Amino acid sequence: MTATTTTEEKHEQARAKTWVRAEIQALAPYSVHPSSGLVKLDAMENPYGWPESMREEWLDYLRGAAVNRYPDATAAGLKERLREAFQLPATMDILLGNGSDELIQIIQLCLLGTDRVVLAPSPSFSMYETVAKFVGAKFVGVPLTDDHEIDLRRMQLAISRHAPAVVFLAYPNNPTGNLFDRDALCEIIRSCDGLVVMDEAYHIFAGQSFCDQLEHHDNLVVMRTLSKLGLAGLRLGYLTGPGSWLDEFEKVRMPYNVNVLTQMTVEFALQRLEVFEAQARLIVNERRRLYEALSGREDVTPFPTACNFILFRSDELPARDLFRRLVEQGVLLRSFDGSPGFLGNCLRVSVGTEQENDAFLAAMDVCLP
Ligand SMILES: *Cc1c(COP(=O)(O)O)cnc(C)c1O
């Protein structure tokens, strides 16, 4: 490759410009800040590894993996393990995704077209809007109240005005971290003729769920992921809800979307769920400690959270500057600078190990003397 652009290459670029849909060209690529050498507290990962003996057992077990074969297309065994481990209602179906990101994509591919609307509170998980752009649908974001609660009246107005085919509700919400009022969410499910997806990505830390509401609402499905539990690298999300919806979603799912190693490893991990539950308890304890430490500072305002992260506002420095100073101190957070509204001056810290959290708090002392 040479640095100069040949006429031929220019011609190819022009062709791409002609043919790639304008709304895709307008998107910014999903970018992840390099994390090498940094204390990585930017992505809501479980910071703990596995006990050595468990690793050994796992590697032994993987010896039997038939990677020359396609994976089990229905993954029936894995679904039953998930049903048992997470007590999913026996009357509901299960759909598996390559991460819950893929489930968001499957749902939108099924329900949306150019004349359809997807609606969510704002700010919330960014993929709801990004995927809407992929499929060429209209996204409507309904602002939260000043204390990050769902604005029931505004939501209901927007629902009656736009008649969304699907509403995404993150419970608890990312990036704010809070659990919305349960009664308000039930009202929203009742107000909506289209599908409501309850995104319970942080279920393991929040201990709250709408699974018990599934039988009462035929337009409700519950979505979860194993990523925040501690298996982010495997990419497995699941959706549970009535067959009337899931049978249709199933048609859009790529036949072998959950690979052999993921299927085997998740089955292995679910037999040792207590390891992950114990790690989640450690994370919740550390979250409390971090929250108290941040609350004690004059220069930032942390917001209440039911997740494995804390969103906080930077009150003395622009978020971008605090983010940069923390990186200089070797600590990587997520900054929301450039976002509209209050979020633009916020950072999000994922809860790490005790040592990582200490490193973050020490870095804060240096960055905000
Ligand atoms: C992290 C996250 C997801 C995506 O999870 P994956 O299964 O890793 O794709 C979905 N929803 C919310 C609210 C999240 O925070």
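Residues numbered from 1 in each chain as written. Predicted model: local features only at pLDDT ≥ 70, side-chain atom pairs only at ≥ 80, totals over all residues. Heavy atoms only, no water.

Asker: What exactly am I supposed to notice about the side chain of Glu200 here?
Answerer: Of note, Glu200 is situated in the loop between β6 (195-199) and α9 (203-206). Leave out the neighbours within four places in its chain, and Glu200 touches Tyr171, Gln208, Ser209, Phe210, Cys211, Val222, Met223 and Arg224. (Helix = DSSP H or I, 4+ residues; strand = E, 2+ residues; numbered from the N terminus. Contact = heavy atoms within 4.5 Å.)

Asker: Teacher, can you tell me more about the sheet that holds strand β9 (residues 300-302) here?
Answerer: The strands making up a sheet are joined through hydrogen bonds of the backbone, oriented either antiparallel or parallel. On the basis of which strands lie adjacent, the open sheet formed by four strands has the order β9-β10-β13-β12 and antiparallel pairing. The outermost strands of the open sheet, each flanked by one partner alone, are β9 and β12 (334-335). Pairing analysis gives two bridges linking β12 to strand β13 (residues 346-350), with the strands arranged antiparallel. Residue pairing in the sheet places Arg334 in a bridge with Arg348 of β13. The strands touched by helix α13 (residues 273-295) within the sheet are β9, β10 (309-314) and β13, with β10 carrying the most contacts at an inclination of about 10 degrees. (Pairing = 2+ DSSP bridges. Axes fitted to C-alpha atoms, helices over the stretch in contact; angles between N-to-C directions.)

Asker: Whenever I open this one, the site of the ligand confuses me. Can you help?
Answerer: Taken together, Gly99, Ser100, Asp101, Phe125, Asn174, Asp199, Ala201, Tyr202, Thr225, Ser227, Lys228 and Arg235 form the complete shell of residues around the ligand. Side-chain polar atom of Tyr202 to an oxygen atom of the ligand: 2.6 Å apart, as the coordinates give it. In the model, an oxygen atom of the ligand is placed 2.7 Å from a nitrogen or oxygen of the Arg235 side chain. Coverage of the ligand by the protein amounts to 94% of the 390 Å² it exposes when considered alone. Those elements that place two or more of their residues in the shell around the ligand are α5 (100-111) and α10 (227-231). Considered class by class, the residues forming the shell around the ligand number three nonpolar, five polar and four charged. (Near = heavy atom within 4 Å. Polar contact = N/O pair within 3.5 Å; in protein donor to acceptor, adjacent residues only side chain to side chain. Areas by Shrake-Rupley, 256 points an atom, 1.4 Å probe, with all protein chains shown as cover. Nonpolar A, V, L, I, M, F, W, Y, C, P; charged D, E, K, R; others polar.)

Asker: It is not clear to me how the pairing of β10 should be interpreted in this structure. Could you clarify?
Answerer: One face of the sheet, then the other: side chains in a regular strand alternate in exactly this way. Where burial is concerned, most of β10 is hidden: five out of the six residues are buried. Across three bridges, β9 lies against β10 in antiparallel orientation. For Pro302, the partnering residue across the bridge sits in β10 and is Phe312. The turn linking β9 back onto β10 is made up of six residues. Of the strand pairs in this sheet, β10 and β13 are connected by five bridges, and their pairing is antiparallel. Paired with Arg313 across the two strands is Cys346, which belongs to β13. (Buried < 20%, exposed > 50% of the residue type's maximum accessible area, 1.4 Å probe, protein only.)

Asker: Can you help me understand the sheet that holds strand β3 (residues 117-122) in this one?
Answerer: Judged by pairing direction, the sheet is mixed, and its seven strands sit side by side in the order β2-β8-β7-β6-β5-β3-β4 without closing on themselves. The sheet terminates laterally at β2 (93-97) and β4 (138-143), the two strands that pair on one side only. The average undirected angle you get between the axes of adjacent strands in this sheet is 25 degrees. Here β3 runs beside β4; their pairing, made up of six bridges, is parallel. The residue bridging Pro121 from the neighbouring strand is Val142, located in β4. Across the sheet, helix α6 (residues 127-135) touches β3, β4, β5 (166-170) and β6, and the angle it forms with β4 is around 160 degrees. Relative to the sheet, helix α8 (residues 182-191) contacts β5, β6 and β7 (220-225), its axis offset from that of β6 by approximately 150 degrees.

Asker: Please explain unusual backbone geometry as it appears in this structure.
Answerer: Of all residues except glycine, most have a negative phi; of all peptide bonds, most are trans. Across the junction of Ser122 and Pro123, the peptide omega takes the value 5 degrees, indicating a cis bond. As for its placement among the helices and strands, Pro123 is situated in the loop between β3 and α6. The omega torsion across Asn174 and Pro175 is 15 degrees, close enough to zero to call that bond cis. Relative to the elements of secondary structure, Pro175 occurs in the loop between β5 and α8. One non-glycine residue, Ala163, adopts positive backbone phi at about 40 degrees. Within the element layout of this structure, Ala163 appears in the loop between α7 (152-162) and β5. Within the chain, Arg235 stands out as a residue other than glycine whose phi angle is a positive 60 degrees.

Asker: Mind showing me how you'd approach helix α12 (residues 260-270) here?
Answerer: Because an α-helix completes one turn every 3.6 residues, residues spaced three or four positions apart along the sequence face the same direction. Most of α12 is tucked away, with ten of its eleven residues classed as buried. For α12, the full list of buried residues reads Val260, Thr262, Gln263, Met264, Thr265, Val266, Glu267, Phe268, Ala269 and Leu270. On the buried face of α12, the contacting elements are α3 (52-62), α4 (76-85), α10 and α13. Where α12 begins, the capping side chain belongs to Asn259, and its oxygen is found 2.9 Å from the backbone nitrogen of Leu261.

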